Amino acid sequence: QVQLVESGGGLVQPGGSLRLSCAASRSIFLIYTMGWYRQAPGEQRELVATITRGENTNYADSVKGRFTISRDNAKNTVYLQMNGLKPEDTAVYYCNAHLIIEMGYMPKDYWGQGTQVTVSS
């Protein structure tokens with residue numbers, strides 16, 4: 001099995017920045033798309049940003065121009081740089097990876113445990 005381990009969440013004032021990281025707990029045969037999702041209290045989980053292995057990116061309209069997703073394939077890690085944070089960005093942020101854990105296995109989605117981001121003065 002594999003775990004996705006997230007870090008970098010916390011409390012920040014409006015207009016501030018945070019950088020989230022998510023790394024796989026072991027070596028992986030192949031990771032396709034990686035991404036970040038978020039879920040605010042009482043809301044459904046929503047897409048924030050995704051990045052393909054070829055580094056094509058996709059962003060939710062609400063974060064375009066403020067957030068940047070990137071990845072390091074050698075480290076099996078995905079990052080989310082969040083600038084210009086707003087109170088409405090407050091949520092638990094989840095990492096996702098679509099991957100093949102070992103040769104001969106089928107692709108499967110994995111999720112991190114979530115990291116809290118709170119934007120408040």
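See the structure printed just above.
Keep in mind that what you see is a predicted model, and the values were worked out from it rather than measured.

### Details of the pattern of salt bridges
Then step 1. In total, this model carries 5 salt bridges according to the counting rule given.
Then step 2. Among the ionic pairs, Asp-89 bridges to Arg-38, the shortest N-O distance being 3.0 Å. A residue pair is termed long-range when its members are at least 10 positions apart, and Asp-89 in the loop between β8 (77-82) and β9 (91-100) and Arg-38 in strand β4 (residues 30-39) qualify at 51 residues. Here Asp-89 and Arg-38 have matching classes, each one buried.
Then step 3. Put simply, Lys-64 and Asp-61 hold a salt bridge, and the shortest N to O gap is 3.1 Å. As far as the burial class goes, Lys-64 and Asp-61 line up, both exposed.
Then step 4. One continuous salt-bridge network, built from bridges that share partners, spans Arg-38, Glu-46, Arg-66 and Asp-89.

### Regarding the state of the cysteines
Then step 1. Applying the stated criterion across every chain, the model contains 1 disulfide.
Then step 2. Covalently, Cys-22 is tied to Cys-95 through a disulfide, its sulfur atoms 2.1 Å apart. Classification of the bridge connecting Cys-22 and Cys-95 rests on its S-S torsion, roughly -75°, and on that basis the disulfide is left-handed. Of the two residues, Cys-22 sits in strand β3 (residues 18-24) while Cys-95 sits in strand β9, which places them 73 residues apart along the sequence.

### Considerations on the nonpolar core
Then step 1. Counting residues in hydrophobic clusters, the biggest one holds 32 residues, and the most contacted among them are Trp-36, Leu-80, Met-82 and Tyr-93.
Then step 2. Elements that contribute at least two residues to this core include exactly β3, β4, β5 (46-51), β7 (67-72), β8, β9 and β11 (115-119).
Then step 3. A total of 5 residues in this core trace back to one element, the largest contributor, which is β9.

### Things to note about the environment of Ala-49
Then step 1. Summarising the element assignment, Ala-49 is placed in strand β5.
Then step 2. Given the relative accessible area of 0%, Ala-49 is considered buried.
Then step 3. Linking Ala-49 and Gly-35, residues 14 residues apart in sequence, is a C-alpha distance of 5.6 Å.
Then step 4. With sequence-adjacent residues up to four places away left out, Ala-49 is seen in contact with Met-34, Gly-35, Trp-36, Asn-58, Tyr-59, Ile-69 and Leu-80.

### Considerations on the pairing of β11
Then step 1. Here β11 shows a clear split, with Thr-115, Val-117 and Val-119 buried on one side and none of Gln-116 and Thr-118 buried on the other.
Then step 2. Judged from the 3 bridges that link them, strand β2 (residues 10-12) and β11 form a sheet pairing that is parallel. Following the sheet pairing, Val-12 is matched in β11 by Val-119.
Then step 3. Where β9 and β11 come together, 3 bridges link them in antiparallel fashion.

So, how was this worked out
- Residues numbered from 1 in each chain as written.
- Predicted model: local features only at pLDDT ≥ 70, side-chain atom pairs only at ≥ 80, totals over all residues.
- Heavy atoms only, no water.
- Salt bridge = Lys/Arg side-chain N within 4 Å of Asp/Glu carboxyl O.
- Helix = DSSP H or I, 4+ residues; strand = E, 2+ residues; numbered from the N terminus.
- Buried < 20%, exposed > 50% of the residue type's maximum accessible area, 1.4 Å probe, protein only.
- Disulfide = S-S within 2.5 Å.
- Core = buried A, V, L, I, M, F, W, Y, C linked by side-chain atoms within 4.5 Å.
- Contact = heavy atoms within 4.5 Å.
- Pairing = 2+ DSSP bridges.

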